[in-house]
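# Architecture at a glance
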Amino acid sequence: MRNVVRCHQFLGSRTRPRQWSVINLHCSNSWFQHHPWLGSRTAILTRGAKSKTTVKLEDLPQGALEPLPATAEKEDQGPTYPTVVRQARNNMRKFDNCVVLTRVGSFYELYFEHATEYGPLLSLKVAQKRSKAGVPSVPMAGFPFFQLDRFLKILVQDLSKYVAISEEFVNDPANKVKSGGLMFDRRVTRIVTPGTLIDEKFMDPDENNFLLAVQPLGSVHVPRTSDDQPEELKSGATESALNSLRVGLAWLDLSTGDFFTQSSTLGTLPSAFARIGAKEVILSDGLSQSVQQTISGLVDHDRRLLTYHAAKYAELPISAWAPMLESPVASADEAAFTTEETSAGSMLLTYVVHKLQGLDIKLQPPQRRRDFEIMAIDKTSLRALEVLATSKEGITGGKGSLLHTVRRTVTRGGSRLLKDWISSPSASLSVINERLDLVSMLLHDAELREEICRDLRRSSDCQRLVQRFSLGRGDADDLISLLKTIETTDSIANVLEKATSSQRPGKAGLEVRRPLRRLSCRLSLENPRALALRISSAIDEEGLLKNHRKEESESARYISAAHDVLHSEGSAADFDDMPRAVRDNGVQQSLSEQEIDEEDDWIMRRSASPVLQGLHDDLSKLRQQREQLTVMLRNRIGAQSLSLRYVAGSGHVCHVRGAKDVRHTSKATLGGRSGRSTKSTRTFYNSDWTDLGTKMDMIRFQIRAEEQQVLQELREQVVANLVRLRRNAAVLDELDIGCAFANLADEQGFTRPVLNESRNHQIIGGRHPTVKIGLEEGGKAFVKNDCIVGGKERVWLITGPNMGGKSTFLRQNALISILAQAGCFVPAEYAELGIVDQIFSRVGSADDLFREQSTFMVEMLETAVILRQATSRSFVIMDEIGRGTTPEDGVAMAFACLHHLHHHNQCRTLFATHFHVLADLAKDFDRLACYCADVAEGTDGSFSYVHRLRRGVNRASHALKVARLAGIPEVAIRVAEDVLAKHDPTPAPGCQIGPCRGSDSSDPKAAR
Ligand SMILES: Nc1ncnc2c1ncn2[C@@H]1O[C@H](COP(=O)(O)OP(=O)(O)OP(=O)(O)O)[C@@H](O)[C@H]1O
Ligand SMILES: [Mg+2]
């Protein structure tokens, strides 16, 4: 309904929502011709009375005529299409990379090639619009206004198109004359792209909708000719030179106002893309070809939408960002922004300003992300560890991902922040400990946790809510939601206050409560409380509700034609998009026949402003006069059913009902004209009522205008409180995550990790957070494992049978580090972890034939990144490196990697392999230890996997057992057994638990 309400704001005449449809009906006799796809059933809506345009002399343009704009001549060329079509065509020319949706009455329409191309994709019927003879017909397709979100989703989200929305504006008298009597002007008010969504219903509430600008340093004005390229990028430039090119990143979410910048390199761009997960990437159009190709290749590969933006926009200073920020960047902070960050930020903001076509925005001041502050999880690891999505489904937050497993947040904002924390864990000891302190505190106070969660559940998505106001969009409903959120915040502040006071009995001491105090100190409630008071004293919630019901039922009537069509041709989804009243009531009378209810429902309380109070008093007096007039007329003509009404299309009429009264008054028109009559009703006009009714309409008009004024004042007050409201919302988000992590720890028995600055990783009784849950759901138990890498045993070489749990072990340790640094408790009995700067994981094999990369090539590319980038603070897991080629080459490469990691990178490494010879080759590595998993075989041929790791090397893979379990035909298994027997004649001992065939319980280093 928001669209309808907004439209009323443009329409100057009777501002009651119901009148909006009347105006549209009257605007054109040929309205029906605009919507040929509706078919003949809709004719009832098209027969509005022809409007008469009256313009005062002083409103006519005076003096010499202004010259027409230069484009006018061009625009008028071609066939003389109807004005709406011409307006649409001009917009199609002007916004030539967009699909143009033109609002006509209660429909959005597509014309010309847009109709033929997108109509079928949107499952819309494409009709031919005919006008006068000699003018070619125009293909057109359309949908009712209330389905805008649904079609935007298909165009913007599914088809990655840019959509220009052209809205209707009532022409003022002067423009009306200029345009040859046109009631409406149509202007593009917004360009919607995947990265510039604001509050569309189809946006994922649990995920940020980021738009990301990428700006390489020093390449802005590089012409495309190779001669002028900088030396290092000329044809002989190496890939490493490209990789180390500095790149500025700036990204924002228009729906929340979040705004970030970061200085990075071209080489780490894939990881940044994966972490930020932008819906659209913008790039300057003046880059050297090699840089442009590299970046566009990465964007393509990630299946994101890439948009080019003029290079000149990357040159604004930070001070020029101020109008778009809720508070300017402090001049002391300005210096911290690198040139590339400033360029990226400028490009980003100018792009947004253009897409919003003048709509005001207020973003949060940009936060700088610095590499050393966060644990970097490169793109491959993010995917391999299934941090955000499972590799199979690829849906963010999908079942089986780490995010899904740990998510217990109860608010939208909390969910978005959680995604950020999990994909960009902190690398700062103090930040991590602050988060962990909060979780500890909440874990020990279940009652407090429950109290906070109860309040949080009642709050709205405050970040998105206030952002709507910052974009000038918030309406009365949003104000009510905001009011509730402020009340909730207030209530949470009280809960925190009580919890941190020494009065609270029994529970932990004040010291423990410090994290709560820190949060409660960040809440700023004084002004928001005053705002809440103002909202509740101004907005009449009951009136608002009644208003909605009315609007819905009026829209319902107005679009009953569309309903007809949908019933015969539409799908269930079409029907769901309808306003509730249509769904519930079905087709109703046409509006012109519907008598308009006399009850006034106002969205503001009378006391909202002195002007409003005065106007309502005047209206009450006029209402009294109407009652007196009613009594007087009833008595005069002797018809007790007489009532004084306003009927759309007829105006102010006296109305009688019942055969007796109709007969009785057939001659008594009291000097006025007769109106419509049926057997049971009759209307006629009375000049006293017409005068009084007109006066009442005037007052109603003024009340509406004053209500809009009060609404505007309230909006301004919200904007004035923007910073406080956003800060409060940020506190609630963090509190939500604190409670969520505490609930998770409680439920899953997670423990608080001890973080330090060492290079050690000590986990006792660790579990894989998602595999464990999966196994338990299937009634199986997960075997815990210890992992103590770092110090003397920096590299663990892990061998063992297929299905032995090697990969699970590798991943669980990486995930435990991620969780710990996100500030979450971990699935282990004890965890003491040195802070990790980067996590790398090389697991699984896949080819990327699209990018001309074979399986082994992909494996080597990923490995190259690790060997080049891992530092002594990094944590690396390598799973079966070298298996994509011949065993000899594979062993050689695997050993080389092991050697490099051990001697050069010197990072904590878990290295799983089936190349047992590596244990022998690496026996001189002083910081390497061997561990293995086992198979336990029974005398009857049965076996089971021993998932507990032990020191030593297990040279048996037991691959054939897995093959048999997988259903490989028995004949084939026997062939395999024969081959194995020839190549490895060692008989398999029927051992129970412990060293098996080829198993070596000792560390090869022991033989040194
Ligand atoms: N610690 C554990 N406790 C119980 N079950 C486990 C454990 N670790 C792994 N598993 C089970 O074993 C399965 C195989 O584990 P995983 O893939 O880690 O084996 P693997 O040793 O890497 O095998 P391969 O050598 O074939 O890659 C898992 O899907 C899980 O069901
Ligand atoms: Mg494995």
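Since this is a predicted model, take the numbers as computed values, not measurements.

This part takes up the overall build of the protein. Along the protein, the regular secondary structure elements total 38 helices and 30 strands. Out of the 1008 residues belonging to the protein, those deemed buried represent 54%. Sequence-distant contacts in the protein: of pairs separated by 6 or more residues, those separated by 24 or more amount to 73%. Looking at the protein as shown, the accessible area adds up to about 43,900 Å², and 52% of this sits on carbon and sulfur atoms.

Glancing now at the site of ligand 1. Around ligand 1 sit 15 residues in total, of which M803, K806, S807, T808 and H914 are the nearest. Separating an oxygen atom of ligand 1 from a side-chain N or O atom of S807 is a distance of 2.7 Å. The contact in question runs from an oxygen atom of ligand 1 to an N or O atom on the side chain of T808, over 2.6 Å. Taking 630 Å² as the accessible area of ligand 1 by itself, protein coverage stands at 79%. The element best represented in the shell around ligand 1 is helix 33 (residues 806-822), accounting for three residues. For the shell around ligand 1, a count of residues per class yields six nonpolar, seven polar and two charged.

This next bit is on the nonpolar core. Looking at soluble globular proteins, one finds that nonpolar side chains tend to be buried together. Counting residues in each nonpolar core, the largest one holds 125 residues, and the members touching the most others are L482, M604 and L910. Among the elements that make up this core, the one with the highest residue count is helix 31 (residues 722-748) (12 residues). When near neighbours in sequence (up to four residues on either side) are disregarded, L910 contacts C787, V789, W796, I798, F809, L810, N813, F875, V876, I877 and M878. Counting residues in each nonpolar core, the second largest holds 44 residues, with V100, L254, I282 and V329 among its members.

This next bit is on the packing of aromatic side chains. The description of an aromatic ring pair rests on the distance of the ring centres and on the angle between the ring planes. Summed over all chains, the structure comprises 10 aromatic pairs. Here the aromatic residues Y108, F143 and F151 are joined through ring pairs into a cluster of three or more. Between the NZ or CZ atom of R368 and the centre of the ring of F337, over which it lies, the distance is 5.7 Å. The positively charged end of R435 is found above the aromatic ring belonging to W421, 3.6 Å away from the centroid.

Running from amino to carboxyl end, helix 23 (residues 526-538) crosses helix 31 at an angle of 105 degrees, the nearest separation of the two axes being 9 Å. What the angle tells us is that helix 23 and helix 31 run roughly perpendicular. Here N527, P528 and L531 of helix 23 lie close against helix 31, whose contacting residues are R724, L725 and N728. The class makeup of the residues in the contact of helix 23 with helix 31 is three nonpolar, two polar and one charged.

With that out of the way, let us pick up the pairing of strand 2 (residues 107-111). In terms of burial, strand 2 is largely enclosed, as five of its five residues are buried. Count of turn residues in the strand 1 (residues 98-104)/strand 2 antiparallel hairpin: two residues, of which G105 carries a positive phi of about 60 degrees.

Next up on the list: the pattern of salt bridges. Taken as a whole, this structure holds 40 salt bridges when the rule is applied. Salt-bridge contacts for R473 lead to D199; the nearest nitrogen and oxygen are separated by 2.8 Å. Residue R473 is located in the loop between helix 20 (462-470) and helix 21 (476-500), and its partner D199 is located in the loop between strand 6 (184-192) and strand 7 (210-216); the two are separated by 274 residues in the primary sequence. In this pair, the class of R473 matches that of D199, namely buried.

Once that is clear, we can look at the packing of helix 21 against helix 22 (residues 514-522). Their axes nearest at 9 Å, the elements helix 21 and helix 22 cross at an angle of 145 degrees. Where helix 21 crosses over helix 22, the handedness of that crossing is left-handed. Between helix 21, through L496, A499 and T500, and helix 22, the contact on the second element is made entirely by L516, R517 and S520. Taken together, the residues that form the contact of helix 21 with helix 22 break down as three nonpolar, two polar and one charged.

Below, the discussion takes up the environment of G142. In this fold, G142 is placed in strand 4 (residues 138-144). With a relative accessible area of 7%, G142 lands in the buried category. For the pair G142 and G119, spaced 23 residues apart in sequence, the C-alpha to C-alpha distance is 8.0 Å.

What follows deals with the environment of F202. Residue placement: F202 occurs in the loop between strand 6 and strand 7. Residue F202 is classed as buried on the basis of its relative accessible area of 14%. Note: C-alpha distance between F202 and I154 (48 residues apart in sequence) is 9.8 Å. When residues no more than four places from it in sequence are discounted, the contact partners of F202 are D149, L152, K153, Q157 and L197.

Right, let's get into the side chain of R726. Turning to its location among the elements, R726 is positioned in helix 31. Looking at R726, its side chain comes within polar contact range of the side chain of E326, at 2.3 Å. Beyond its immediate chain neighbours, meaning those up to four positions away, R726 contacts T256, G257, E326, K362, L363, Q364, Q463, V466, Q467 and S470.

The subject of this paragraph is the pairing of strand 24 (residues 838-842). Of all five residues in strand 24, five are buried, a share of seventy percent or more. The alternating pattern of strand 24 places Q838, F840 and R842 on one face and I839 and S841 on the opposite face, and all of these are buried. Bridge analysis of strand 13 (residues 376-377) against strand 24 gives two bridges, and the strand direction is parallel. Note on strand 24: the bridge partner recorded for I377 is I839. Across four bridges, the pairing between strand 24 and strand 25 (residues 875-879) is parallel. For I839, the partnering residue across the bridge sits in strand 25 and is F875.

Let us now look at the sheet that holds strand 22 (residues 795-799). The seven strands lie next to each other as 13-24-25-26-22-27-28, forming an open sheet whose pairing is mixed. Two strands bound the open sheet, and with one partner strand each, they are strand 13 and strand 28 (943-951). Two elements, strand 25 and strand 26 (residues 908-912), share five bridges in a ladder whose sense is parallel. Pairing of D879 across the sheet is with A912, part of strand 26. Each of strand 24 and strand 25 is contacted by helix 34 (residues 855-869), which is oriented at about 155 degrees to strand 24, the strand it contacts most. Of the strands in this sheet, strand 22, strand 25, strand 26 and strand 27 (928-937) are in contact with helix 35 (residues 887-905), which crosses strand 26 at around 165 degrees.

This part is about unusual backbone geometry. The backbone phi angle of F112 is positive, close to 50 degrees, even though this residue is not glycine. If you trace the backbone, F112 turns up in helix 7 (residues 112-121). Here S160, not a glycine, exhibits a phi torsion of approximately 50 degrees, which is positive. Relative to the assigned elements, S160 resides in the loop between helix 8 (148-158) and strand 5 (162-170). For S160, a relative accessible area of 32% puts it in the partly exposed group.

Before going further, it helps to examine the sheet that holds strand 1. Backbone-to-backbone hydrogen bonds join strands into a sheet, with any given pair of strands oriented parallel or antiparallel. Taken in spatial order, the six strands make up an open sheet running 3-4-2-1-5-6, and their pairing is mixed. Looking at the sheet topology across the chains shown, the edges are occupied by strand 3 (127-129) and strand 6. Geometrically, the sheet is characterised by an average inter-axis angle of 40 degrees between neighbouring strands, direction not taken into account. Relative to the sheet, helix 8 contacts strand 1, strand 2, strand 4, strand 5 and strand 6, its axis offset from that of strand 5 by approximately 150 degrees.

Residues of the protein with pLDDT of at least 70 account for 79%, and the chain-wide mean is 81. pLDDT under 50 marks residues 231-237. Its contacts with residues more than four places away, or in other chains, come to nine contacts. In the model, residues 580-597 has pLDDT below 50 throughout and makes 41 contacts with residues more than four positions away in sequence or in other chains.

We now examine the environment of K129. Note on placement: K129 falls in strand 3. A relative accessible area of 4% places K129 in the buried class. C-alpha of K129 to C-alpha of V85: the two residues are 44 residues apart in sequence and 9.4 Å apart in space.

Thresholds, definitions, all that
Starting from 1, residues in each chain are numbered consecutively following that chain's sequence as written. To label them, take the chains in the order written and letter them from A, then take the ligands in the order written and number them from 1. Where totals are concerned, whole chains, interfaces and linings use all residues; where local detail is concerned, this predicted model gives features only for residues with pLDDT of at least 70, and gives and counts side-chain atom pairs only at 80 or more. Processing note: side-chain calculations cover all non-hydrogen atoms of the structure and skip hydrogens and water entirely. The helix and strand labels rest on DSSP assignments: H or I over at least four residues marks a helix, E over at least two residues marks a strand, and numbering proceeds from the N terminus. Relative accessible area decides the class of each residue, using a 1.4 Å probe on protein chains only: under 20% of the type maximum gives buried, over 50% gives exposed, and in between gives partly exposed. Any pair of residues with heavy atoms lying within 4.5 Å of one another is described as a contacting pair. Accessibility throughout is a Shrake-Rupley quantity obtained with a 1.4 Å probe, and a residue counts as covered only by protein chains that appear here. Only heavy atoms are used to decide nearness, and a residue is near a molecule or strand if one of them lies within 4 Å of it. Identification of polar contacts relies on pairs of N or O atoms within 3.5 Å, with a donor-acceptor requirement for protein atoms, meaning one able to donate a hydrogen and the other able to accept it, and with residues adjacent in sequence counted only if both atoms are side-chain atoms. Gly is put with the polar residues, along with every residue not named as nonpolar or charged; the nonpolar set is Ala, Val, Leu, Ile, Met, Phe, Trp, Tyr, Cys and Pro, and the charged set is Asp, Glu, Lys and Arg. Nonpolar core, defined: a set of buried Ala, Val, Leu, Ile, Met, Phe, Trp, Tyr and Cys residues in which side-chain atoms within 4.5 Å join the residues together. Centre distance within 6.5 Å is the pairing criterion for rings of Phe, Tyr and Trp, where only the six-membered ring of Trp is used; planes under 30 degrees apart are then read as stacked, over 60 as edge-to-face, and the remainder as tilted. Any Lys NZ or Arg CZ found within 6 Å of a ring centre and within 35 degrees of that ring's normal is scored as a charge over the ring. In this analysis an axis means a line fitted to C-alpha atoms, helices contributing only their contacting stretch, and an angle means the value between N-to-C directions, from 0 to 180 degrees. Orientation is classified from the angle alone, with under 35 degrees giving roughly parallel, over 145 giving roughly antiparallel, 65 to 115 giving roughly perpendicular, and any other angle giving oblique. A pair of strands is considered paired only if DSSP assigns at least 2 bridges between the two. When a carboxyl oxygen of Asp or Glu lies within 4 Å of a side-chain nitrogen of Lys or Arg, that pair is called a salt bridge. Crossing handedness follows the turn of the near helix against the far one: under a right angle anticlockwise gives a left-handed crossing, and clockwise gives a right-handed one. Values of pLDDT, the confidence the predictor places in each residue, fall between 0 and 100.

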